Amino acid sequence: MTTATTIDFGTWSHAHLQRTDAVLQKVLPAPDIAPQRLHEAMRYAVLGGGKRVRPLLAFAAGEVADADPERVAIAGAAVELIHAYSLVHDDLPCMDDDVLRRGRPTCHVEFDEATALLAGDALQSLAFQLLGEHRLANNVATQLEMVKLLATASGSRGMAGGQAIDLDSVGKALTVPELEFMHIHKTGALIRAATVLGAHCCGGLSERELAQVDAFAKCIGLAFQVVDDVLDADSSTATLGKTAGKDAKDNKPTYVSALGMARAREFAQELRQQALAAVAGFGPRALRLRELADFIVLRKF
Ligand code: GRG
């Protein structure tokens, strides 16, 4: 057993956040390599903060599977690159048209729209380059499965598809099942992929155990979005580092508009309980997954 279980969650998450940032620093092209402006924009989008929840979930699932943290760090960084690309594109005027992200001007404001678009494209490519370049799984079949998993989670049957539904839903009152479908894809798919990728970095979990990790991730991915809806309605721009109250202003359906604030909060707690139940059988190996579930549901930013 690693020392992971002997340190508190704050220390553990800080150490793994730093580990993720060290990989990201290394794999992102240096700003003095041509084309400099594009590389500067990529680095700006990725290295300017962020909670790194997805890599942390990969590390936590990796601990359940006793995976090699070096491998998990690469897998987690690949997911974070996809996440950063999605935020850059989401902030563009043709999508959410936002000017503030992680407490700083959004990528297209700091650079320009064309550069931001290309930076997002290149971050996505870099994510898959990492999965192709590094030995992450114990066998080739699992490694290929990992590539497929990330591609599916980020593509039209995952995040990009969820974003398309989101853009189409402005001004509409979605039913709760429709809302769930949208969010499971837009936000949940990548969170789920991050977690399962972490577990795949060893190959030692049985199908049943992998399904338990996946069930956890599905619940916590949706909980993440429910909490995001609550925070958007209930928190300040200064606390969030992004424009608060935007969902209501943009007339977007959310869990708060569909269920009301109190019920949305309750629903997040129910999802947390379901997530915890899914990994109960792992005992102490799932400590970090449990702590991350708490962080995701109780977070204030
Ligand atoms: C453009 C293909 C494409 C997809 C965009 C993820 C997404 C889809 C849009 C982001 C819009 C948004 C605010 C979604 C809510 C949930 C979410 C992903 C919030 C941001 O993630 P955090 O809180 O951000 O993990 P940090 O900055 O901490 O990394």
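Residues numbered from 1 in each chain as written. Predicted model: local features only at pLDDT ≥ 70, side-chain atom pairs only at ≥ 80, totals over all residues. Heavy atoms only, no water.

(A) Quick peek at the overall build of the protein chain. When helices and strands are counted, the protein chain shows 15 helices and two strands. Taken against the 2.2 N^0.38 rule, which gives 19 Å for 301 residues, the C-alpha radius of gyration of the protein chain at 18 Å falls within 12% of a compact globule. Once the C-alpha set of the protein chain is aligned to its principal axes, its extents read approximately 50 × 50 × 35 Å. In the protein chain, the share of contacts with a sequence separation of at least 24, taken over all contacts with a separation of at least 6, comes to 73%. When the accessible area of the protein chain is evaluated, it comes to approximately 12900 Å², of which 56% is carbon and sulfur surface. With 31 positive and 37 negative side-chain charges, the protein chain shows a separation of 3 Å between the mean positions of the two kinds. (Helix = DSSP H or I, 4+ residues; strand = E, 2+ residues; numbered from the N terminus. Rg over C-alpha atoms; globule rule 2.2 N^0.38 Å. Contact = heavy atoms within 4.5 Å. Areas by Shrake-Rupley, 256 points an atom, 1.4 Å probe, with all protein chains shown as cover. Lys, Arg positive; Asp, Glu negative; His and termini not counted. Charge placed at Lys NZ, Arg CZ, Asp CG, Glu CD.)

(B) A look at the packing of helix α4 (residues 69-90) against helix α9 (residues 176-200). In contact at an axis separation of 9 Å, α4 and α9 are set at 170° when each is read in the N-to-C sense. Taken together, the axes of α4 and α9 are roughly antiparallel relative to one another. Along the contact surface, α4 presents Val72, Ala75, Val79, Ile82 and His83, while α9 presents Leu190, Ala194, Leu197 and Gly198. Considered class by class, the residues forming the contact of α4 with α9 number seven nonpolar, two polar and no charged. (Axes fitted to C-alpha atoms, helices over the stretch in contact; angles between N-to-C directions. Parallel < 35°, antiparallel > 145°, perpendicular 65-115°, else oblique. Nonpolar A, V, L, I, M, F, W, Y, C, P; charged D, E, K, R; others polar.)

(C) Representation of the nonpolar core. Leu81, Leu123, Phe216, Ile220 and Leu289 are the most contacted members of the largest nonpolar core, which totals 98 residues. Per-element accounting of this core gives the leading share, 13 residues, to helix α10 (residues 207-234). Aside from chain neighbours lying at most four places away, what touches Leu123 is Leu28, Met42, Ala45, Val46, Leu81, Ala84 and Tyr85. (Core = buried A, V, L, I, M, F, W, Y, C linked by side-chain atoms within 4.5 Å. Buried < 20%, exposed > 50% of the residue type's maximum accessible area, 1.4 Å probe, protein only.)

(D) Just empty space enclosed by the protein, in detail. If you walk through the whole model with that rule in mind, you get two cavities of 30 Å³ or more. The volume enclosed by the largest cavity comes to roughly 110 Å³. If you trace the largest cavity, you find 13 residues lining it, with Tyr44, Ala45, Val88, Arg101 and Arg102 closest to the centre. Element by element, the count of residues in the lining of the largest cavity is highest for α4, at three residues. Class assignment for the residues of the lining of the largest cavity results in seven nonpolar, two polar and four charged. One number sums up the size of the second largest cavity: a volume of about 40 Å³. (1 Å grid on protein atoms, 1.4 Å probe; cavity = no way out; pocket = protein on both sides within 12 Å on 5 of 7 lines; lining within 4 Å. Points joined across faces, edges and corners; volume = space filled by probe spheres on them.)

(E) Spatial organisation of the environment of Val213. Mapped onto the fold, Val213 is located in helix α10. Along the chain, Val213 and Ala286 lie 73 residues apart, while their C-alpha atoms are 9.3 Å from each other. Beyond its immediate chain neighbours, meaning those up to four positions away, Val213 contacts Ala61, Val64, Thr195, Ala199, Leu205 and Phe282.

(F) Looking closely at the site of the ligand. The full set close to the ligand counts 20 residues, and Lys51, Arg54, His83, Asp90 and Arg102 are the nearest of them. In the model, an oxygen atom of the ligand is placed 2.8 Å from a nitrogen or oxygen of the Arg54 side chain. Note that an oxygen atom of the ligand is positioned 2.7 Å from one of the side-chain N or O atoms of Arg102. Alone, the ligand offers 700 Å² of accessible surface; in the complex the protein occludes 92% of this. With respect to the detected pockets, the ligand is housed in the largest pocket. Broken down by secondary-structure element, the contributors of at least two residues to the shell around the ligand are α4, α8 (159-168), α9 and α10. If you tally residues by element for the shell around the ligand, the top one is α4, at six residues. Broken down by class, the residue content of the shell around the ligand amounts to six nonpolar, seven polar and seven charged. (Near = heavy atom within 4 Å. Polar contact = N/O pair within 3.5 Å; in protein donor to acceptor, adjacent residues only side chain to side chain. Sits in = over half its atoms within 2 Å of the grid points.)

(G) Representation of the pattern of salt bridges. Applying the stated rule across the entire model yields 19 salt bridges. A salt bridge links Glu70 to Arg19; its shortest N-O distance comes to 3.1 Å. A residue pair is termed long-range when its members are at least 10 positions apart, and Glu70 in helix α4 and Arg19 in helix α1 (residues 9-27) qualify at 51 residues. Residue class for Glu70 comes out exposed when judged on its relative accessible area of 54%. One salt bridge connects Glu266 with Arg263, and the closest N-O pair in it is separated by 3.1 Å. Placement of both Glu266 and Arg263 in helix α14 (residues 261-278) is noted, with a separation of three residues, approximately one turn of the helix. Three or more residues joined by partner-sharing salt bridges are found here, namely Asp21, Arg52, Glu80 and Arg102. (Salt bridge = Lys/Arg side-chain N within 4 Å of Asp/Glu carboxyl O.)

(H) Region of the structure containing helix α2 (residues 36-47). Its 12 residues give α2 an end-to-end C-alpha distance of 16 Å, which sits within 8% of 16 Å, the value for a rise of 1.5 Å per residue. For α2, every residue scored as buried is listed here: Leu38, His39, Ala41, Met42, Arg43, Tyr44, Ala45 and Val46. Residues of α2 that are buried make contact with α1, α4, β2 (104-105), α5 (107-110) and α6 (113-133). A positive backbone phi angle near 95° is found at Gly49, which sits one or two residues after α2. (Expected span 1.5 Å × (residues − 1).)

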